[in-house]
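Working through the structure, step by step
The chain contents come next:
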Amino acid sequence: MSEANWFAAAEARWAHLPEGEDRDRRVAKTYADIQHEAEQVALGLPELDNAEKKNLLDEAVLDIWLQLG
C-alpha cells in the first residue's frame, strides 16, 4: 500500500465529518497511525533472498506488460 493509499484510507475514515480543522486533524492522526503501523510491519519482515527478489521483479514486469501491452 502506497502513501497515497494511506492518505486516501485516512480521508475515507473521516469522510462523514464536515470539512474543517477537526476533520483535518483526525485525518492527519489516522494517516500517521497507518504509516507507523506499516513501518512496524516492514521492520518485522525478514530480508528477501535473491530468488524472492527475482520473483518480485518478474511479477512486476509481467504486471507492467499486462497494463501497458
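Everything below is about the structure shown above.
With respect to the packing of aromatic side chains
Using the criterion set out here, one finds two aromatic pairs in the structure. Residues W6 and Y31 carry aromatic rings whose centres are separated by 6.4 Å and whose planes lie at 55° to one another, so their mutual orientation is tilted. In this pair, W6 is assigned in helix α1 (residues 3-13) and Y31 in helix α2 (residues 21-44), connecting sequence segments 25 residues apart. Under the relative-accessibility criterion, Y31 is labelled buried at 19%. A ring pair is formed by F7 and Y31, whose centres lie 5.9 Å apart and whose planes are at 70°; its orientation type is edge-to-face. Of this pair, F7 sits in helix α1 while Y31 sits in helix α2, placing them 24 residues apart in sequence. These aromatic residues form a ring-pair network of at least three members: W6, F7 and Y31. Of note, R13 hangs over the ring of W14, and the distance from its end group to the ring centre comes to 4.1 Å.

How each quantity is defined
- Residues numbered from 1 in each chain as written.
- Predicted model: local features only at pLDDT ≥ 70, side-chain atom pairs only at ≥ 80, totals over all residues.
- Heavy atoms only, no water.
- Phe/Tyr/Trp six-rings, centres within 6.5 Å; stacked < 30°, edge-to-face > 60°.
- Helix = DSSP H or I, 4+ residues; strand = E, 2+ residues; numbered from the N terminus.
- Buried < 20%, exposed > 50% of the residue type's maximum accessible area, 1.4 Å probe, protein only.
- Lys NZ or Arg CZ within 6 Å of the ring centre and 35° of its normal.

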